[in-house]
Each structure stands twice: as structure tokens, then as C-alpha cells.
Amino acid sequence: MTRVTEAGDLAKRVAGWLFLVVPFMPLRLLFDDPPGSSGLPGPGEWMLGLLVCAGVAWLASRRFPLAVERSADALAGVLRFPPFPAFLLAVLAALAALLTATSLAAFSRRPLLVDTIAQLFQAKIFAGGVAWVPAPELGAFFATQHMVSDAGRWYAQYPPGHPAALAIGVWAGAPWLVPILFSLLSAWLVIDTARHIFGEAVGRVTAVLLVLAPFFWFMGASHMNHVSSHLHISLFLWCFARWAGTGPRPRVGDAAPRGWILAAGLALGAAFVTRPLTALAVGGALALPALRLAAPCRWSTALLGAGGFLGVASLYPIFNAATTGDPLTPGYLRLWGESHGLGFHLSPWGELHTPLAGLRNELIDLGLLQAFLFEGPIPALAPLGIFLAAGWSSVARSGTCSGAGVRANPSIARWDGRLLGAFLAIPAAHFFYWHRDAFLGPRFLYEGLPFLLPLLARSLLELLRHLSGRRPAWLGSVDLGTLTTALIGAAFLYSLAFGIPQRFRTYATNLGSLKRDLTAEARQAGIERGLIFVKVSWGNRLIARARGAGASASIAERAYRRSDHCELELVLREAETEGWNGARLDRTLVSLFRSADELAGFRLNGDPTLRFAPERPLAEVCVHELLYDRDGRDVMPATPSYTNYSPHLPANAPDLEGPLIFARDLRDQNRRLRARYPDLPAYLYRDGTFVRLP
């Protein structure tokens, strides 16, 4: 055994222990309950889930062993005997039903995060045949986080890959169908890749895991750019596996392998123009194996793959040149400045990103993945952790549907390492990225599923193979294979009966303000033409007015988070009256910054982000702003009459021309926008109703 092989086996064992230990780390306690960790089960919850499921499995295995074995055999028969094309078609049909139901019933076919809102608006820009549109002169009425308004150009900060894909749906009148179709294609690629590398049995188990993985189809039905990136990564791996083969060396001199590596490079380039950091992480992880495979033959083979990658990836700097004016300056940096980049520094929102924060982020995401992947009572990656920590990956076997169920294959252990390395490269890269959230789960790890699920499927089969026939006396001579089968079955039954329905209800009942279709509501109210002002909270007006008055995006966000909102109101009124330039406004806003100890939250208008300095009395204009949010009432109503504006930006045509224009309600300033649309009747949308304005 070479040193490289020994090091690889050690790395796999370490990764296995990581998957086993992370769920039982008190991460929320260690890191003081960080944002985006509310869905993270604690060690006690995992222990309880394990004990209950293990107890049920032990009782079933001891009292009803034949029933458990027959159930397992019946399931194995369903997986083994249908012809693979028919089996695959059934799996894809099930996934299509799950994805469509999620989009319709849980997400209302709407983008539900400001990231997706901005990208859908960019898709509408692309659908018009341009990269940007002229920025609105009265920008505060339409200002939306992650939309860049610079040098007269208006566009989203994101890479162009995903908006370009959504533009196809915009042309077809159904952008919500794009992620569903992409997810189905991704599923087929992942299943076929698992089958190609590890054999048909692993391919079939991978297919079942995709159907049972709500994290895959909740994310896959969303408008997130992770869906497009997932497809490109899946296609990259599919092509790379065919080029690399399952033998010790690919035939890199032949036409077919050269075509596969070119296709792999093109797919990775498409991932780069969608989510660059993820693409670079995955490509970097598999670059060394690719070079080692190509080394005995002509280096031109590896260069062909690199050329394919660079050919597609070059579309990103071309898009940057068209929007920001500089090929090397993406929209992120144009909007937020250098603080948006990788590394350890102050984030655009004024929070310090440190190595400890990076470690916290990735450990929490790995912990969340254990819960969100299957919504089960036991850690989802426990079988993979056992498989790796026990050193079973060094056994060169793969699943098949004949004979003993495994076949010798000397390249399988290498593929374990390749897939594991590619998956872990994603959190390793995001260790240097300051932002994380848990919208729909640990979304930054979603593109790791094409590598993770085949490994998990393989580990399940290997786990059963190694444990079957063992009957330790301390377990009452219960067969460990039967016990493991019952344990896995109990976990998935819980997921199907409780975990998944509960998560579905959560998504279906939350974020109601983002699911409203104001265009449809206006037409139901008999409004075919109109300038509709959407009532928003005082805080929403403050940020929009700051951006509209020329403040930089980063300073506006930090001022909102770190200043007395009444002081911010007074400064903005002065800046708007005197026509300050952006530099002066930024300097003044920075002077308002206070420490967290100097500010307190007050839900005087129902907004939990409202902040004041407790010792400072409210100015009269600030009281009026609060009363406006409260509809003039002394007591805040149970349900605010205001809503979010950003979900309704894509209802506008990018040129802001059309029979219906949706703008943010800025109270007295509304007259300025009404003067721009004198022929349109004006309405105020509040509390689900349209009020005609005089």
C-alpha cells in the first residue's frame, strides 16, 4: 500500500468520524445560538431519536424477525426485478409529482427569497434581449436588495447562468417549471452516474434516496440558482465518470474519452457562470485525479477539458463587462464593495467574518444536512459515517443485481475518495465566505448531493452486507442485518409520517406575504390599468429612501442595523430636502452608527427590526411614521396592514412601462411618481385591498 493510498484511507476515516460526531456536538450552545440554526436538532434530540428507533427495531427484529426479513426481501425485489428503464421512469414520475406538488401547494409557484426575486427580474431583462435596463430615476420606489443601480444601468448582482435559464421560462410564461425540469434531469444524471460507477444496485438505491429526500425536491422546486448549479454539477460528474471510466486507466487517446472530458469542462463552466465558488471547489477537488489519469498519455486531453471550462466560464466576464463595465468586477462587488469578497474581514452588513465564524457556519450546515436531507429522527449520514470510519471503503466492491450482490472492481475505492473529496470541497470553500443562511435547509451544500447520495447508497448496501449474519449475544442474538434493516425502515417511516408532512406544512403556511400575486389580485378587483403603491413598513421605507438618496448599499444596510431609526429618518429628510450627494450621505450615516448596547428593539409598529436609543425622545415626524404603519391607531393591530415590496418587483416590466406598475409606498413622495404616470389611476395596496387614491 502506497503512502498516497494510506493517506487517502486515513482521510476517509476522518471524514467518517466527522459525519458521526457533528450531530452530537452542541453547536447552538457552543456558538451562542447563531442565526440560521433554528432547525438544528440538539444532541439530546438525536439520542432520543436513535434510542426510540433502535428500540422499535430491536423489538421488531426479536419478536417478528421473519416479518422484517420478508419486508426487506419484498423491497429488494421491487428494487431488483423491474427492468431498469421502467424502474427509472417510475422514479422520475414520482419525483415529477413531488416537485410539482411542492411548487404549487407549498411555494405557490413564486420566488420566496430576495435572491430569487432579483434573479427572476434579471431573467425578465434577459427575455427582452438585453443584459441591463435603464435605472429608474426615482429609484427609491423600486429599490430592492441585490439589484444594482449604477451608472444608469439596472441589473441583478448575480452571475448570469441561472437568470438565463429562467428567461426560457419567462418566454414560455411559466418560469416556475424551469427548476422542476432541471431537477428531473439532475435526478436522472445522478442515478445514471451512480449506476455507472458503482453498479446497478447502487444506482437503484440512489434513485430511492432521491425520492425519499425532501431536501432534494424542496430545493429542486424553488427558484434558487442552486437548482441550475446542481444540474450543471450533475452533468459534469456524469461526463467525468465516463471519461475516467471504472477501470484503472481511461483510454484517453480515443475520440470518445476526449469528447467526455470536453463535455465535462463545458458543464463545469456552466456551473461557474451560475455559482462560481461551488464550481471552482468541485473542479479543484477533481482536478488532481483528472491530471493523474491523463498523465500517461497526452496532456492535450486535460487541456481540452480546461478549454471547455474556460470557453463557457468566459461568459461571466463578458456579462460583467456589459453590466459593471469591468470584466473582472462582478455585480456583487459593484453593489457591496470589496467587503463582499472571500476572506476574513467585515462583511457588507458590518459583521466580522473570522476563521471561527467560518468553522461555525460549515459545522452548522453539516449538522443541518443530517436533519433536512430526509427529515428523519436519526442523522442522515450515519450509514456513510460508519462505512468510512470502519474502513470499508478500501474494499474494492460495487453493487450489482446478480449473484452475491457485489463485484470486484479496483477503481471503486478511488471513486469513494473522489466523490467524498468533491463533496467536502464545497463546505471547505464556503469556510472563507462570510454569508450563510438556512433557507430551505443548508442550501450551500445542495450541489454536493450528486456526490453524496451515491456514496450514501453504497454505504447502506455495504452496511447490510457487513452486518448480516452477525448475532451478538448482548443483543439477544438478533441478526444485525435484520436489526439494521428495521432501524432504517423505522427512520423512514417516521420521516414519511411526520417529518416530511411537518416540513411541507411549514413551507406551505409561512411566507404568505411573498406568495401574493398582486397582478392577479388587481385583475380580480377589476383593475386593468393603474399605478399601485404597495404599503410597506417604516423600516422598509428607510432603507429604500437611503438607497434612493445615493447611499451605498453596504452603508445603508449597516445604518439600518446600527443606528437609531428616528435619527436615520431625520437625516434622510435633510438629505432629500437639500439634495446631498452619495458621499456626504454615507459619511453622515456612518456618524449615526451605535453599538448594540446603545440600541433597543421596539415593536411599536409590529416590525421586530425597529431600533431606537432608549434615552432619546421620538421626534414628531417619527411618531407620524409609526402611526401611519398602525393605520392611525393607538394600539398596533394584530396583523399589520403593510407587506413586503420586493416580491412584487418582478410583476413589473423591466422598463417599468405597462398597464400595471407596482411601486413602494413612500407616503408624501408618491406624488413624484404619480407625475411620471399621469395617465394611470393610482391605488394604495394595503391589508389585501386596493384603495383608489384621489
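Structure: see above.
Right, let's walk through the structure included here. Predicted, not measured: the structure shown is a model, and the values here were computed from it.

Focus on the overall build of the protein chain
Then step 1. When helices and strands are tallied, the protein chain shows 28 helices and eleven strands.
Then step 2. On C-alpha atoms alone, the protein chain measures out to a radius of gyration of 27 Å, which is about the 26 Å that the 2.2 N^0.38 rule sets for 694 residues.
Then step 3. For the C-alpha atoms alone, the extent of the protein chain along its principal axes is close to 80 × 60 × 50 Å.
Then step 4. Among the 694 residues that make up the protein chain, the fraction classed as buried is 55%.
Then step 5. Intrachain contacts of the protein chain at a sequence separation of at least 6 include 76% that bridge at least 24 residues.
Then step 6. For the protein chain, the separation between the mean place of its 63 positive charges and that of its 50 negative charges on side chains is 9 Å.

Considering the sheet that holds strand S6 (residues 530-534)
Then step 1. Spatially, the four strands line up as an open sheet ordered S9-S6-S10-S11, and their pairing is mixed. The sheet is open, and its two edges are formed by strand S9 (660-664) and strand S11 (689-692), each paired on a single side. Going across the sheet, the axis of each strand differs from the next one's by a mean of 30°, ignoring polarity.
Then step 2. Taken together, the four bridges between strand S10 (residues 682-686) and S11 define a ladder with antiparallel strand orientation. Note on S11: the bridge partner recorded for Arg686 is Thr689.

Remarks on the packing of helix H5 (residues 84-106) against helix H9 (residues 200-212)
Then step 1. Between H5 and H9, the shortest axis-to-axis distance is 9 Å and the interhelical angle comes to 15°. Regarding the angle of H5 to H9, the classification is roughly parallel. At the point where H5 passes H9, the crossing takes the left-handed sense. Contacts between H5 and H9 involve Phe84, Phe87, Val91, Ala94, Leu95 and Leu98 on the former and, on the latter, Glu200, Arg204, Ala207, Val208, Leu210 and Val211.
Then step 2. Its residues assigned to classes, the contact of H5 with H9 shows ten nonpolar, no polar and two charged.

Side note on the sheet that holds strand S2 (residues 147-150)
Then step 1. Spatially, three strands are ordered S1-S3-S2 in an open sheet, and the strand pairing comes out antiparallel. For this open sheet the edge positions go to strand S1 (133-134) and S2, each flanked by a neighbour on one side alone.
Then step 2. As judged from the four bridges shared by S2 and strand S3 (residues 153-156), these two strands associate in the antiparallel manner. Note that in S3 the partner of Val148 across the bridge is Tyr155.
Then step 3. Contacts from helix H6 (residues 114-127) reach S1, S2 and S3, with the element oriented near 125° to S3.

Quick notes on the pattern of salt bridges
Then step 1. As enumerated under the stated definition, the model contains 32 salt bridges in all.
Then step 2. Close ionic contact of Arg204 with Glu200 constitutes a salt bridge, the shortest N to O distance being 2.9 Å. Highlighted residues: Arg204 and Glu200, both in helix H9, separated by four residues, approximately one helical turn.
Then step 3. Arg443 is paired through a salt bridge with Asp437; the nearest N and O atoms lie 2.7 Å apart. The same class applies to Arg443 as to Asp437, namely buried.

Quick look at the nonpolar core
Then step 1. Counting residues in each nonpolar core, the largest one holds 164 residues, and the members touching the most others are Phe142, Phe240 and Leu373.
Then step 2. Considering every element that reaches this core, the biggest residue donor is helix H11 (residues 225-244), with eleven residues.
Then step 3. Residues in contact with Leu373, not counting those within four places in the same chain, are Leu212, Ala213, Pro214, Phe215, Ala380, Leu381, Leu449, Leu453 and Leu456.
Then step 4. Listed in part, the 22 residues of the second largest apolar core include Ala546, Ala559, Phe593 and Leu626.

Observations concerning the environment of Gln119
Then step 1. Tracing the sequence through the fold places Gln119 in helix H6.
Then step 2. Overall, Gln119 belongs to the buried group, its relative accessible area being 2%.
Then step 3. Along the sequence, Gln119 and Phe141 sit 22 residues apart, while their C-alpha atoms lie 19 Å from each other.
Then step 4. Not counting the four nearest positions on each side in its chain, Gln119 is found in contact with Tyr158, His162, Pro163, Leu166 and Asn225.
Then step 5. Within the structure, Gln119 has its side chain in polar contact with the side chain of Asn225 (distance 3.3 Å).

Some remarks on a nonpolar patch on the surface
Then step 1. On the surface, a nonpolar cluster with roughly 250 Å² of combined accessible area is contributed by Leu604, Leu618, Val623 and Leu627.
Then step 2. Note that Leu604 resides in the loop between strand S7 (600-601) and strand S8 (611-612).

Here's the deal with the pairing of S6
Then step 1. With five of its five residues buried, S6 lies for the most part within the structure.
Then step 2. Residues of S6 alternate between two faces, with Gly530, Ile532 and Val534 on one and Leu531 and Phe533 on the opposite face, all of them buried.
Then step 3. Sheet analysis places S6 next to S9, joined by five bridges and oriented parallel. Counted as the bridge partner of Leu531 is Ile661 from S9.
Then step 4. Bridging between S6 and S10 involves four bridges; their strand directions are parallel. Bridging across to S10, Val534 finds its partner in Tyr685.

What counts as what
Residues numbered from 1 in each chain as written. Predicted model: local features only at pLDDT ≥ 70, side-chain atom pairs only at ≥ 80, totals over all residues. Heavy atoms only, no water. Helix = DSSP H or I, 4+ residues; strand = E, 2+ residues; numbered from the N terminus. Rg over C-alpha atoms; globule rule 2.2 N^0.38 Å. Buried < 20%, exposed > 50% of the residue type's maximum accessible area, 1.4 Å probe, protein only. Contact = heavy atoms within 4.5 Å. Lys, Arg positive; Asp, Glu negative; His and termini not counted. Charge placed at Lys NZ, Arg CZ, Asp CG, Glu CD. Pairing = 2+ DSSP bridges. Axes fitted to C-alpha atoms, helices over the stretch in contact; angles between N-to-C directions. Parallel < 35°, antiparallel > 145°, perpendicular 65-115°, else oblique. Left-handed = near helix turned anticlockwise from the far one by under 90°. Nonpolar A, V, L, I, M, F, W, Y, C, P; charged D, E, K, R; others polar. Salt bridge = Lys/Arg side-chain N within 4 Å of Asp/Glu carboxyl O. Core = buried A, V, L, I, M, F, W, Y, C linked by side-chain atoms within 4.5 Å. Polar contact = N/O pair within 3.5 Å; in protein donor to acceptor, adjacent residues only side chain to side chain. Patch = residues over 30% accessible without salt bridge, like charges linked within 9 Å, V, L, I, M, F, W, Y side chains within 5 Å. Areas by Shrake-Rupley, 256 points an atom, 1.4 Å probe, with all protein chains shown as cover.

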